[in-house]
Amino acid sequence: MNKDQVKGRMKEAGGKVKEITGKVVGNESLEAEGKLDQVVGEVQADYGDLKEDIKDATRKPA
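Just so it is clear, the model here is predicted, and its values are computed rather than measured.

What counts, and at which threshold
Residues numbered from 1 in each chain as written. Predicted model: local features only at pLDDT ≥ 70, side-chain atom pairs only at ≥ 80, totals over all residues. Heavy atoms only, no water. Helix = DSSP H or I, 4+ residues; strand = E, 2+ residues; numbered from the N terminus. Expected span 1.5 Å × (residues − 1). Buried < 20%, exposed > 50% of the residue type's maximum accessible area, 1.4 Å probe, protein only. Contact = heavy atoms within 4.5 Å. Polar contact = N/O pair within 3.5 Å; in protein donor to acceptor, adjacent residues only side chain to side chain. Salt bridge = Lys/Arg side-chain N within 4 Å of Asp/Glu carboxyl O.

Re helix H2 (residues 28-58)
- Spanning 31 residues, H2 covers 45 Å between terminal C-alpha atoms, matching the ideal 45 Å at 1.5 Å per step.
- Looking at H2, one finds that the buried residues are Glu31, Gly34, Asp37, Gly41, Ala45, Gly48 and Glu52.
- Along its buried surface, H2 packs onto helix H1 (3-25).
- The N-cap of H2, judged by a side-chain oxygen 3.1 Å from the amide nitrogen of serine 29 a few residues on, is asparagine 27.

Have a look at this one:
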């Protein structure tokens, strides 16, 4: 697991918390910010996944 995978998944989780908090308190701006954070986190995690896949594919078999 690389740093992009970890940071991306943390951003997704934080975004979900913001989204739910925004819904609960009726703050549409916070809710939207949470949704955006989730998307950004997902993209970063996917980028990290791709980096891992490339690294695994370029490793030479023993």
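Points about the side chain of glutamine 5
- Mapping glutamine 5 onto the fold places it in helix H1.
- For glutamine 5, a relative accessible area of 8% puts it in the buried group.
- For glutamine 5, the contacting residues outside a window of four places in its chain are Ala45, Gly48, Asp49 and Glu52.

Looking at the pattern of salt bridges
- Tallied over the entire structure, the rule returns ten salt bridges.
- For lysine 35, the salt bridge is made with glutamate 31, and the minimal N-O distance between the two is 3.8 Å. A residue pair is termed a helical-turn pair when its members lie 3 or 4 positions apart in one helix, as lysine 35 and glutamate 31 do in helix H2 at four residues.
- Residue classification places lysine 35 among the partly exposed residues on the basis of a relative accessible area of 43%.
- The exposure class assigned to glutamate 31 is buried, which follows from its relative accessible area of 18%.
- When salt bridges that share partners are traced, they join Lys11, Lys18, Glu33 and Asp37 into one network.

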